Every structure is written in structure tokens, then in C-alpha cells.
Amino acid sequence: FSTMFDILGLAAVFLFIFYLWKSQKKPLNYPPGPPKWPLIGSFTFSPFASQKENHRVKVANMVEEYGPTIGLYLASTPIVYLHDPVFTRKVFNIEVFSGRVKNAEMSKVRSPN
């Protein structure tokens, strides 16, 4: 009877270690960013987590370390932080990233020409 509990316990430990290992892997071509913790993500390193340090100072430090495009995680949800306004405008004018309704009326409104 105890052998069955040993096997179940070992399987649970193995699954937990596998989950931790799998959750640390970043998607292909994901921008560089701070390390990711299981369950909470990289929120502890994000500019919004600390009230002691000024948000602008923390963002400037992250941009200096990782570049103008930073990959963060809020729990297990990937978030891309864009710091360059010109690049941000280009990205949000691409239909896939805009998150807006795709129809003829909206494309007339959003068209830069």
C-alpha cells in the first residue's frame, strides 16, 4: 500500500518539476525581458510592481538593459512592452495587432493616407 503512495508522490513531484520547467520556456522570437517566476510571472520586475522607485526610472533601466521592446509576463500571460513611440505607432497600424474591428468604415478612419 505504501509503494502505491510512493509512486504517486514521485509522479506528483515529477509533474510539478515538469510544469516549472515548461513554464520557464519563452515563446519563439519573444523579446528579451526580466526572468519569469512560476505562477506570478515577471510582475515583480515590472515597472508597476514597485512603489518605492519611480515608474519612469524603472522603465528607463529596463530599456537600457533589454532594449526598446521588452517581454514581460503577468502570471502566465505574455505582455510585450513597447517603449519606442514610432515603432508602437507602426505596430498598432497593422491590423493583426490593433485589436480593432475590421470593416470598411474603420479602415477609412484609421487609414494614414
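Worth saying up front: this structure is predicted, and the values here are computed from it rather than measured.

What counts and what doesn't
Residues numbered from 1 in each chain as written. Predicted model: local features only at pLDDT ≥ 70, side-chain atom pairs only at ≥ 80, totals over all residues. Heavy atoms only, no water. Patch = residues over 30% accessible without salt bridge, like charges linked within 9 Å, V, L, I, M, F, W, Y side chains within 5 Å. Areas by Shrake-Rupley, 256 points an atom, 1.4 Å probe, with all protein chains shown as cover. Salt bridge = Lys/Arg side-chain N within 4 Å of Asp/Glu carboxyl O. Helix = DSSP H or I, 4+ residues; strand = E, 2+ residues; numbered from the N terminus. Buried < 20%, exposed > 50% of the residue type's maximum accessible area, 1.4 Å probe, protein only. Pairing = 2+ DSSP bridges.

A.B. asks: So what about a nonpolar patch on the surface? Which residues, and what values?
C.D. replies: A cluster of nonpolar residues, Val13, Phe16, Ile17, Tyr19, Trp37, Leu39 and Ile40, forms a patch on the protein surface that exposes about 760 Å² of accessible area. The topology assignment puts Tyr19 in helix α1 (residues 2-24). On the accessibility criterion, Tyr19 (41% relative accessible area) is partly exposed.

A.B. asks: Hey, could you go over the pairing of strand β2 (residues 77-82) for me, with residue numbers and the actual values?
C.D. replies: Here strand β1 (residues 69-74) runs beside β2; their pairing, made up of 6 bridges, is antiparallel. When the sheet's bridge partners are listed, Leu74 is paired in β2 with Thr77. The antiparallel hairpin formed by β1 and β2 contains 2 residues in its connecting segment, where Ala75 sits at a positive phi of about 60°.

A.B. asks: So what's going on with the environment of Ser76? Residues and values would help.
C.D. replies: Its place among the elements puts Ser76 in the loop between β1 and β2. The class of Ser76 is exposed, set by a relative accessible area of 59%. The spatial distance from the C-alpha of Ser76 to the C-alpha of Lys36 is 8.9 Å, given a sequence separation of 40 residues.

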